[in-house]
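Coordinate inspection notes
Each chain, written out:
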Amino acid sequence: MARDRVTEIDESYMRQCIEIGRHAARAGEAPVGAIVVRDARVVAEAGEEVKVTLDVTAHAEVVAIRRASRATRGFCSASAPR
C-alpha cells in the first residue's frame, strides 16, 4: 500500500495550526488550532474556544468549520457549485 506523501504546503498548514493552538493555550484554552482549506486557500481558522464561550462544542475544528461555512455560504465541499 502506498503511503500518502506529505508536502511542504501540508507542513505549512500544520505549522499554522500549531501557532493557532499556541495562541489558544495563552488564552487559557486547550492548545488546539484548526484551519479549513479550499482550493489551496485558507478559508477559516480557529483555536479552541470551549472555556471562553462556555460551549462544550467549541472545539477548534468545529469552530473553524462553522466559520468556513459562513465564509463560503455553506459551499465547502469540492462538489458544491461555485
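Scroll up a little and you will see the structure.
Report follows, based on the coordinates. (Residues numbered from 1 in each chain as written. Predicted model: local features only at pLDDT ≥ 70, side-chain atom pairs only at ≥ 80, totals over all residues. Heavy atoms only, no water.)

Once that is clear, we can look at helix α3 (residues 60-71). Because an α-helix completes one turn every 3.6 residues, residues spaced three or four positions apart along the sequence face the same direction. The first and last C-alpha atoms of α3 sit 16 Å apart over 12 residues, in line with the 16 Å expected at 1.5 Å per residue. If you check which residues of α3 are buried, you get Ala60, Val63, Ala64 and Ala68. End-on view of α3: buried residues confined to an arc of 135 degrees, all on one side of the axis. Summarising the geometry of α3, the exposed residues directed more than 90 degrees from the buried face are Ile65 and Arg70. Elements that come into contact with the buried residues of α3 comprise β1 (33-38) and β2 (41-47). Arg73, located one to two residues past α3, shows a positive phi value of around 55 degrees. (Helix = DSSP H or I, 4+ residues; strand = E, 2+ residues; numbered from the N terminus. Expected span 1.5 Å × (residues − 1). Buried < 20%, exposed > 50% of the residue type's maximum accessible area, 1.4 Å probe, protein only. Arc of directions from axis to C-beta. Contact = heavy atoms within 4.5 Å.)

Attention shifts here to the pattern of salt bridges. Inspection of every chain in the model, using the stated rule, returns 4 salt bridges. Glu49 is the salt-bridge partner of Arg67, the closest N and O atoms lying 2.6 Å from each other. One end of the pair, Arg67, is in helix α3; the other, Glu49, is in the loop between β2 and α2 (50-53), and 18 residues separate them in sequence. Of the charged contacts in the structure, one is a salt bridge between Asp55 and Arg66, with a shortest N-O distance of 4.0 Å. In this pair, Asp55 sits in the loop between α2 and α3 while Arg66 sits in helix α3, placing the two residues 11 residues apart along the sequence. Judged by its relative accessible area of 27%, Asp55 falls in the partly exposed class. Among the charged side chains, a network of salt bridges with common partners joins Glu19, Arg22 and Arg26. (Salt bridge = Lys/Arg side-chain N within 4 Å of Asp/Glu carboxyl O.)

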